[in-house]
Structures are given as C-alpha cells and as structure tokens.
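Coordinates in review
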Amino acid sequence: MRQLLKTDVSEFRRLLDWTAEMTTHANIPTTAAAIADGVRSGALKAVDVLEAHLAQIAAREGDIHAFNLVTADEARAAAARVDVDVAAGRDPGVLAGVPIALKDNMCTRGIPTTCSSKILEGWRPPYDATVVQRLAAAGAVAIGKTNLDEFAMGSSTENSAFGVTFNPRDISRVSGGSSGGSAAAVAAGFSPISIGSDTGGSIRQPAALCGVVGVKPTYGTVSRYGLVAYASSLDQMGPFSTDVRDSALVLEAISGHDPMDSTSIPQAPLSLQHVLSQGVEGLRVGRITDMPSGADPDVTARLEAAFDALTAAGAKIVDVEMPSMKYALTAYYLIAPAEASSNLARYDGVRYGLRVNATDTNAMYSATRTAGFGEEVKRRIMLGTYALSAGYYDAYYGKALKVRRLISDDFARAYAKADVLLTPTSPIVAFPVGEKSDDPLAMYLCDIYTIPTNLAGHPAMSVPFGTGAHGLPVGVQILAPTLGEQVMFKVAASLERSMIAAGGAK
Amino acid sequence: MSESPSERISAEVVVKVSRLARLDVTPDEVQRITTQMAGMLEHFADIDALDLSDIEPMTQPYPLSNVFREDVVVTGLDREEVLANAPAAEDGRFRVPPIVGLDG
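Since we're looking at a predicted model, the values are computed, not measured.

Reading guide: rules and limits
- Residues numbered from 1 in each chain as written.
- Chains lettered and ligands numbered in written order.
- Predicted model: local features only at pLDDT ≥ 70, side-chain atom pairs only at ≥ 80, totals over all residues.
- Pairing = 2+ DSSP bridges.
- Helix = DSSP H or I, 4+ residues; strand = E, 2+ residues; numbered from the N terminus.
- Axes fitted to C-alpha atoms, helices over the stretch in contact; angles between N-to-C directions.
- Buried ≥ 20, exposed ≤ 12 C-beta atoms within 10 Å, placed from the backbone.
- Right-handed = clockwise from strand over helix to strand, strands pointing away.
- Contact = placed C-beta atoms within 7 Å.
- Nonpolar A, V, L, I, M, F, W, Y, C, P; charged D, E, K, R; others polar.
- Parallel < 35°, antiparallel > 145°, perpendicular 65-115°, else oblique.
- Left-handed = near helix turned anticlockwise from the far one by under 90°.
- Core = buried A, V, L, I, M, F, W, Y, C linked by C-beta atoms within 7 Å.

**Brief notes about the sheet that holds strand β11 (residues 420-424) of chain A**
All names here are of chain A. Strand order across the open sheet formed by 11 strands is β1-β3-β2-β6-β8-β7-β12-β13-β11-β9-β10, with mixed pairing between neighbours. Two strands bound the open sheet, and with one partner strand each, they are β1 (67-70) and β10 (316-320). With direction set aside, neighbouring strand axes in the sheet form an average angle of 30°. As paired elements, strand β2 (residues 99-103) and strand β3 (residues 141-146) share five bridges and run parallel to each other. In the strand pairing of β3, Lys103 is matched with Thr146.

Here's what the structure looks like:
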C-alpha cells in the first residue's frame, strides 16, 4: 500500500504539471462549483469566466478538435445576462456563469445539431432539449457543440463525418467515444463541464481515456427529450467534470421528471452533494470474480489500488458472480443496432437534413441515406435490420432480449450482496488514432465493462484513478443498482479523496 | 445454429437487408459487408448454446406503463421554423418526389 501511494504521488505530480500547462485561465477557478460561487457572490464576472475559456479554446482547439461548433456570440450574450441578473439581485442559478459544452446530438434551438453526420449537416432544431433548457435555467453558459462518433456509434470519435477528436493528454491518441469531444473539452480546460450521452459506455469510456469524471445516471433519471435517439432503451445523458462534486452539482440541476419523456421516472431531482463527505465506512464493494478478462495489466493494477483505497477507507470488499456478463457484448450489439435501425429510419430526406434527389420517393430515400450515413452507421443499420427481419428475429433480437434479462438478474443477485461494484472502465488506456478503425469487433470490445450497465439501466460512473501505460489516465468504474446514485457518489468521492491524500489535487 | 461464418449470412441476404434498410450497396460493398457481418454473427454465436426457453424478454430497463398526461392544448412547434429545415417545402407542406416512380 505504501509503495502504491508513492507511485500515486509521482503520477499526480505529472498530472498537476500537465494541468498547469493546459489551464491558462488566470484567476479563474477550474471547477464549476467554484465558478458558480464566485459569479453568484459577485466576485467573478460570467463574461470574464467565458473569455478565459474562449481563449483556452483559441489556444488549443486546433490540436484537439473537441468542437463541431463554438457558439461564442450566443455564449457572450448568455454570460452577460447572468451578470445582469447578479447585478439586479436576481438568483442567477446554481450553475451561474459556468461554461458548458454540449455533445452535438442534443437539440439546441436555432443552432446546428449534426450528430457528426453529413445527413444532418446544417439542421437547426426548432426546440431545445430538456437538458439544454435546464442548464440554461440554472445559469450555465453553453459554449458549443462537441464532436462525437456519428450518431454516437463508436468508441473513439474517429467515426465523425467532421474529423477525429484527439486526446488532450496525448494528441496522437483517440479521446474515446462516442462522447470524445465532450470528454476532451473538459480535459483540455475548454469548459469545466460538458454533457454527453451514454448508450454502451459513451460517457464513461472517453472520461477514462481523457482522465476526467464521467457519469451515466439511472435510465429515466435525466430526460432524453431532445437527445437524438440512437438506442432508446439504452440511451441516457450525463455530465463530464474534472472532479466528483461538479458532476453531482450538474446532475442535481438536470435530473428529475420531465413530462416530455415518457420513460422519465416520476421523481424529484437527485440530491447528491450532501453525500460526498459521508465516507464509505461499512459499505460493501463488490469484486466480480468471473468478469470477462482482457484488461491490460496497467489497468487492473489501478483497479486493485482502488479496492485497496476503499478498504483503507473502511469499506468491505465482497466477491460477487456475474455469470452472464460475458454475453453482454452480444446482447448489446444486437439490441442497440436493432433499435438504431428503427430510430434512424427517420432520416429519409423529407423533413430535415440532406436530400439527394431522385425520380421517386423510394429512390430518393435510398440515395439520401447512402450519401448521408457513414460506414459504421450503415453497418449498424444493416446489422439491426437483419436482426429484426423475418426469419432471424427469434434467433438474434429475441434471444438478445432474453440475455438482457439474464444480465439484469445477475446484477440483482450481485446487489443483494454488495452496495456497489467496481470494475475497470476501459480494458485499455487511450490507443493511437487509426489503430482499431479497420476492425469493428476490436473497437466493440472497448465497451466490454461499460455495456452491462446500460442493458440493466443502472447508474455507473468513471473516476480517474492514476495512470497506466505511457503515463496515460486510467478510469475506475463504480456501478450501482437502479437509483443508487447516492451510494455511487459516496464511493467516487472516497476514491477521489484517496488520490488527493496521496499527493494529488483535484 | 452451427453454421460456419460463410453460411451464417449470404450475399443475397445482405442485398435484401440493404433494400429493407433503404441503403444502396455496390457489389464490392456487398462482399465486404457479408464478410464483416459473418464475423460479427460468428462472435455473437456465444449465446446460441444458452437455454433461454423460460426467460422473459427484457425490452426496457425501468418498467413504466400507461404514461398519460392531462389532455390540455399546448402550442406546437412553429410551422415556419420547422419547414425552414425541409429540403423542399411548398404551401406549408413538405414537398417530395412522385410516390410512384417510373420503375414501379
């Protein structure tokens, strides 16, 4: 343990040096909580906070490509409104003046929303997503739309029609995906907070690869209204942040029932910040004994360090079994493409986006879709169409739904014994750009530890926990049962404290 | 289900699926997609051996049923704003090519 802590200190020194180099905002706090406190008290001006972040974007965006669009003019107007509210004595909201980057699959009224696809290039949604509305109401300042794998299908943000997003920690490597732009934006200091969507790991995996916190809440906790659908029974939105408190703060602002989403759970917003200091004394942390192998040794070493840190903090480690977890990848890559093939049928060149003209509607649909969709999207539409088609439905889609039940039942048994489970987030650290782009199955395996959560609809989050090969960040994933966000955040905060105690800073 | 990869999916099925999905594929693409899909289906064969006869399919993670709201009139989206996004519009409606084409 002592030896481990010593390693942590040197790792964190390196991280600190890197943070100092990356974050050039003089006198501007790096966390959303501190920015909001400063703006609300009048000690900070929202416009100054914004300009510092726009300057950081100007300095580094050329190397990173986190954004499809930076909305500097709209952001300046929003920041000025926050400052006017503060000056007038009106409550500017809990996220007052906090710059926020939005994944480009969330509808923003009048502002292009592309899903990084040519088929939606130029589309300006006629309404705001509920999350976008709630962030604005809380005083957050949206600064732009971040890059993603086209329609959120991918694990590296290499499938974007508008180019790759590079990892701020090493720009020869991928940022992960599909919310790679949102993860990179926070890691590069472009905004303290970003929002992503997670269908099979698309928040947690890029968070791990970029060294930031990323949360997928319980399905139904955050409204999906205005999130462009990929796989509707799996999609969920959530935050990226540099520390655990900021993700708690944002989730409190964006969660809670929304009548516009029929899968939204009728409940009050989550209450999370008060649990962060509560500690993990007596909590049961599950180790999955039959977890699919394949994680690199540098990643499993950090997972072991996390178990040690939680033990030292008073938690009890218990063994659990998840015998069906090894089938999760198969179930996911049948269910998600099946739902996608249905959801993406709407891109037909009639109501919005691209149209390639042809002599009749059927030819127009095909010509439009063939020209507008990228290779991975076509692959998943084809796979999903096949899995749903007559003669194959029972063998593939029907079976996958039953396997989904087995995995959900495994979780139920595991959570009878454990309060949370701990796994790696990604089996590997950030990989070089291009390394997996010709091998779809190798790319799919990146999500092996994140996918089971989505199938069950449970919450899970990735917290940075030191570094692995090449000094690159490693994330540890905390999984909790349905609506178990509070216990999940307790554990996340405890892991973060153990890193700080080991010589790091948040 | 014990077919070899090549037997799992044929080029003919890929062509049929592409038509159902409204995607045009070239003969080269058919070959490539057939190989890739066969590889994936082979990987997915791990669930073939499971006895799932008594298992209830799971279609959604958090069961909510009959989600209703009060029947109140609300303002919908602005028609002009919506039609401004359409590739072609006329007289307040979406304009499309002929439904019945020359090749049937």
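**Examining the pairing of β2 of chain A**
Residue and element names in this part refer to chain A. Here β2 lies mainly inside the structure; five of its five residues are buried. Going residue by residue along β2, you find Pro99, Ala101 and Lys103 tucked away on one face and Ile100 and Leu102 tucked away on the opposite face as well. Taken together, β2, helix α5 (residues 130-137) and β3 constitute a β-α-β crossover, and its handedness is right-handed. Relative to strand β6 (residues 193-198), β2 runs parallel, the two sharing three bridges. Counted as the bridge partner of Leu102 is Ile195 from β6.

**A word on the interface of chain A and chain B**
Each partner contributes residues to the interface: chain A has 57 residues there, and chain B has 45 residues. Among the elements of the structure, α10 (328-343), α11 (361-372), α12 (375-388), α13 (394-417) and α14 (440-444) of chain A are those that each provide at least two residues to the side of chain A that touches chain B. Looking at which element gives the most residues to the side of chain A that touches chain B, the answer is α13 of chain A, with 10 residues. Class assignment of the residues belonging to the side of chain A that touches chain B gives a composition of 27 nonpolar, 19 polar and 11 charged.

**Quick look at the packing of α12 of chain A against helix α3 (residues 27-43) of chain B**
Viewed as axis vectors pointing N to C, α12 of chain A and α3 of chain B meet at an angle of 60°, and their least axial separation amounts to 11 Å. When the axis of α12 of chain A is compared with that of α3 of chain B, the two are oblique. In the packing of α12 of chain A onto α3 of chain B, the handedness of the crossing is right-handed. Counting all contacts with α12 of chain A, which are made through Arg379, Met382, Leu383 and Tyr386 of chain A, the residues of α3 of chain B involved are Ile33, Gln36, Met37 and Met40 of chain B. Per-class residue counts for the contact of α12 of chain A with α3 of chain B are six nonpolar, one polar and one charged.

**What to know about the packing of α10 of chain A against α12 of chain A**
Residues and elements named next belong to chain A. As a packed pair, α10 and α12 sit with axes 7 Å apart at the nearest point and diverge in direction by 100°. When the interaxial angle is binned, α10 and α12 end up roughly perpendicular. Counted together, Leu334, Pro337, Ala338, Ala340 and Ser341 of α10 and Arg380, Ile381, Leu383, Gly384, Thr385, Ala387 and Leu388 of α12 form the full contact between these two elements. Residue composition of the contact of α10 with α12, by class: eight nonpolar, three polar and one charged.

**Notes on the environment of Thr242 of chain A**
All names here are of chain A. Structurally, Thr242 is set in the loop between β8 (236-241) and α8 (244-254). For Thr242, a count of 22 C-beta atoms within 10 Å gives the class buried. Along the sequence, Thr242 and Asp419 sit 177 residues apart, while their C-alpha atoms lie 25 Å from each other.

**Quick notes on unusual backbone geometry**
Residue and element names in this part refer to chain A. That bond from Gly177 to Ser178 is cis: its omega, 10°, falls within 30 degrees of zero. Within the secondary structure, Ser178 is located in the loop between β5 (170-174) and α6 (180-187). At Cys115, a position not held by glycine, the phi torsion is positive, near 55°. Here Cys115 is to be found in the loop between β2 and α5. A positive phi is found at Phe151, a non-glycine position, where the angle reads about 55°. Checked against the element boundaries, Phe151 lands in the loop between β3 and β4 (166-167).

**Here's the deal with the nonpolar core**
One finds Ile100, Val141, Val420 and Ile478 of chain A to be the most contacted residues of the largest nonpolar core, which totals 177 residues. Residues within four places of Ile478 of chain A in sequence aside, it is in contact with Val420, Leu422, Ala460, Met461, Val463, Met488, Val491 and Ala492 of chain A.

**A short note on the environment of Val82 of chain A**
All names here are of chain A. Inspection of the secondary structure puts Val82 in helix α4 (residues 72-87). Spatially, the C-alpha atom of Val82 lies 16 Å from that of Ile28, the residues being 54 residues apart in sequence. With near-sequence residues (within four places) excluded, Val82 lies in contact with Val39, Ala46, Pro92, Ala96, Gly97, Gly139 and Val141.

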